[in-house]
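Spelled out, the chains give:
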Amino acid sequence: MSQTPVTLEKIVSLCKRKGFVFPAADIYGGINGIYDFGHLGYLMKENIKNAWKKSIQNELGDIYFLDGSLIGPQAMWIASGHVENFHDPMIDCMNCKKRFRTDDDQIDVNKPCPSCGIKSWTDIRDFNLMFQTQLGALQDDSAKAYLRPETAQTIFVQFKNVLTTNRAKIPFGIAQIGKSFRNEITPKQFLFRMREFEQMELEWFCKDATSMETFEFWVQKRKAFYSSIGLDMSKIRMYQHPTEKLSHYSKCTIDVEYEFPFGFKELEGIAHRGTFDLTQHTKHSGKDLAIFDQETGLSEIPTVVETSVGVDRLFLTLLFDAYTEDEMDGETRVLLKLHPTIAPIKAAVLPLTKKISENAEPLYKTLKKQFTNIDFDDSGSIGKRYRRQDEIGTPICFTFDFQSLEDNMVTVRHRDSGKQERIAISNAAQYLENLLV
Ligand code: ATP
């Protein structure tokens with residue numbers, strides 16, 4: 001249990017200190033809402049994506065993957081409704097020039113600006129969050145294109161291609177992990193609200209008659225995912241959107257929310273989208289996206305259940321959840337209690353002194369060959385080296401000492417408890433394998 005409150009500042013500082021995350025273009029002063037991921041951040045993100053890919057496999061039907069393009073033509077974003085509707089309400093303080101999103105920043109126009117204390121507001125305007133660009137040299141309307149604000153639409157526009165090339169049968173899913181871009185009015189809370197981020201989205205195509213059961217199936221499955229990657233489930237709640245707040249095409253939407261230090265916030269959205277998207281793309285492209293049902297002899301547009309979570313937002317959630325400060329051996333230590341499948345480094349091999357580094361190397365090489373992300377560290381006191389691994393969430397360390405030369409055993413030291421046990425070197429790989437299952 002964390003003894004002191006986890007703050008965003010602590011997470012940001014750890015991320016930079018240990019090389020998880022850096023501000024983009026750091027040497028030029030950074031860029032608001034955009035970040036680069038360093039070595040450990042990259043590895044942790046890969047682990048998150050792999051866990052997600054595994055978690056969506058299911059007994060209802062197959063999943064096909066898509067790696068769609070980031071830029072889409074204007075026509076596609078008109079069809080999806082994003083050109084007309086994908087905006088947030090924005091307001092400026094005319095005194096201090098600060099800009100706010102009225103719905104998210106809880107701005108009351110009858111009260112003074114929370115930043116400067118003066119009441120001098122502009123009108124509320126709608127601000128479209130899509131990044132617009134031009135394709136080629138022509139500057140006319142036909143060259144207008146947009147960076148995708150969600151990965152889902154590339155799935156819908158490729159629906160027929162995926163269906164036919166894979167000879168897919170309803171129900172089935174198309175999944176995608178990839179970048180999305182939103183020109184957020186107020187990017188904030190580090191990786192929580194970014195302008196360039198990654199999403200993991202699943203569009204599940206099914207018959208309308210079974211769609212509510214399917215929706216419930218995915219709600220339970222997504223909940224199970226968060227438990228499987230070690231999140232504290234007492235901080236997770238499922239928030240059902242009230243009917244009057246639903247998008248006109250959605251029968252039901254449930255957000256998976258996590259209790260951040262800044263309150264319960266959306267981590268993932270699960271939405272019954274009906275036939276809205278495929279119907280829109282059928283209308284606007286003139287291509288029929290209905291599929292023929294052998295049983296009924298009718299052509300129908302399938303119903304969609306969507307699950308959508310941000311890789312970066314989940315990354316931040318996992319860090320908040322894992323960040324712990326405690327006392328060990330009379331010292332305060334920082335540790336990340338990450339689930340072993342999420343931890344960027346799976347284990348470290350630590351020779352007690354440099355004199356026996358060479359003797360410890362074969363164990364390191366064996367583990368590295370099998371698990372790739374293994375550290376070897378022989379500099380500094382053993383206590384310091386444990387702390388270094390604790391801080392980046394490495395679940396176990398194998399300590400090779402002088403006794404190891406004689407009995408071919410190593411000490412396994414556990415991150416969370418600090419407990420130690422002796423095991424045969426020949427069992428080390430299996431020991432780690434068991435931890436990662
Ligand atoms: P919010 O209300 O927090 O802006 P949203 O309802 O607009 O979220 P969706 O469009 O449902 O979000 O996107 C699905 C998921 O993508 C979110 O649950 C979140 O995990 C992630 N996501 C959305 N916008 C951002 C962002 N600006 N930065 C990081 N992750 C994001």
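Residues numbered from 1 in each chain as written. Predicted model: local features only at pLDDT ≥ 70, side-chain atom pairs only at ≥ 80, totals over all residues. Heavy atoms only, no water.

With that out of the way, let us pick up the overall build of the protein. When helices and strands are counted, the protein shows 13 helices and 24 strands. Taken along the three principal axes of its C-alpha coordinates, the protein extends 75 × 65 × 45 Å. Per-residue burial for the protein yields a buried fraction of 50% across its 437 residues. Within the protein, residue pairs in contact and separated by at least 24 positions form 66% of the contacts whose partners lie at least 6 positions apart. When the accessible surface of the protein is totalled, it reaches about 21,000 Å², and 51% of it is carbon and sulfur. (Helix = DSSP H or I, 4+ residues; strand = E, 2+ residues; numbered from the N terminus. Buried < 20%, exposed > 50% of the residue type's maximum accessible area, 1.4 Å probe, protein only. Contact = heavy atoms within 4.5 Å. Areas by Shrake-Rupley, 256 points an atom, 1.4 Å probe, with all protein chains shown as cover.)

Strand order in the open sheet made by the seven strands is S3-S10-S11-S17-S14-S13-S12, with mixed pairing throughout. Both edges of this open sheet fall to strand S3 (62–65) and strand S12 (236–240), since each of them pairs with a single strand only. Along the sheet, successive strands turn relative to each other by an average axial angle of 25 degrees, direction set aside. The pairing of strand S10 (residues 172–181) with strand S11 (residues 196–206) spans 10 bridges and is classified as antiparallel. The residue bridging Ile174 from the neighbouring strand is Glu203, located in S11. (Pairing = 2+ DSSP bridges. Axes fitted to C-alpha atoms, helices over the stretch in contact; angles between N-to-C directions.)

What follows is about the packing of helix H10 (residues 357–371) against helix H13 (residues 428–436). Closest axis-to-axis distance for the H10/H13 pair is 10 Å, and the angle between their directions is 35 degrees. As for the relative orientation of H10 and H13, their crossing is right-handed in sense. Within the contact between the two elements, H10 uses Leu363, Leu367, Gln370 and Phe371 and H13 uses Ala428, Ala429, Leu432, Glu433 and Leu436. Taken together, the residues of the contact of H10 with H13 sort by class into seven nonpolar, one polar and one charged. (Left-handed = near helix turned anticlockwise from the far one by under 90°. Nonpolar A, V, L, I, M, F, W, Y, C, P; charged D, E, K, R; others polar.)

Another aspect to go through is the domain arrangement of the protein. With domains assigned, the protein is organised as domain 1 (8–74 + 131–319), domain 2 (87–128) and domain 3 (345–436). Relative placement of domain 1 and domain 2: their C-alpha centres are 29 Å apart. Of the residues lining the interface, six residues belong to domain 1; the matching set on domain 2 comes to nine residues. It is Ile185, Thr186 and Lys188 that lose the most area in domain 1 upon contact with domain 2, and together they represent 66% of the buried surface on that side. On the surface where domain 1 and domain 2 come into contact, there are two salt bridges. The partner of Arg101 in a salt bridge is Glu184, and the shortest N-O contact between them spans 3.7 Å. Linking domain 1 with domain 2 are two residue pairs in polar contact (both at pLDDT 80 or more). Partitioning the side of domain 1 that touches domain 2 into residue classes produces one nonpolar, two polar and three charged. (Domains from an automatic or database assignment. Buried area = accessible area lost by both parts, 1.4 Å probe. Salt bridge = Lys/Arg side-chain N within 4 Å of Asp/Glu carboxyl O. Polar contact = N/O pair within 3.5 Å; in protein donor to acceptor, adjacent residues only side chain to side chain.)

With that settled, consider the sheet that holds strand S22 (residues 396–400). The pairing of strands in a sheet happens through backbone hydrogen bonds and is either parallel or antiparallel. Overall, mixed pairing links the five strands, which are arranged S21-S20-S22-S23-S24 in an open sheet. Both outer strands of the open sheet, strand S21 (374–376) and strand S24 (420–424), are each paired with one neighbouring strand and no more. Across the sheet, the mean angle separating the axes of adjacent strands is 25 degrees when strand polarity is ignored. Two strands pair when backbone bridges link them, and strand S20 (residues 347–351) and S22 are joined in this way by five bridges, in the parallel orientation. Looking at the pairing, Ala347 lines up with Ile396 of S22.

Our next topic: the site of the ligand. Close contacts around the ligand come from 16 residues, with Glu184, Arg193, Met194, Glu266 and Leu267 the closest. One of the backbone N or O atoms of Met194 is found 2.8 Å from a nitrogen atom in the ligand. One nitrogen or oxygen atom from the side chain of Arg313 is found 3.0 Å from an oxygen atom belonging to the ligand. Elements with a contribution of two residues or more to the shell around the ligand: S11, strand S14 (263–274) and strand S17 (303–310). The element best represented in the shell around the ligand is S14, accounting for four residues. (Near = heavy atom within 4 Å.)

Together, Leu70, Ile71 and Leu135 make up a nonpolar patch on the protein surface, roughly 230 Å² of accessible area in all. Within the secondary structure layout, Ile71 lies in strand S4 (residues 71–73). (Patch = residues over 30% accessible without salt bridge, like charges linked within 9 Å, V, L, I, M, F, W, Y side chains within 5 Å.)

Attention shifts here to unusual backbone geometry. With an omega of 0 degrees, the peptide bond between Ile170 and Pro171 qualifies as cis. By the secondary structure assignment, Pro171 is in the loop between helix H6 (159–166) and S10. Positive phi, close to 50 degrees, is recorded for Ala25, a residue that is not glycine. Relative to the helices and strands, Ala25 resides in the loop between strand S1 (21–23) and strand S2 (35–37). The class of Ala25 is partly exposed, set by a relative accessible area of 38%. Unusually for a residue other than glycine, Arg167 sits at a positive phi of about 50 degrees. Along the chain, Arg167 falls in the loop between H6 and S10.

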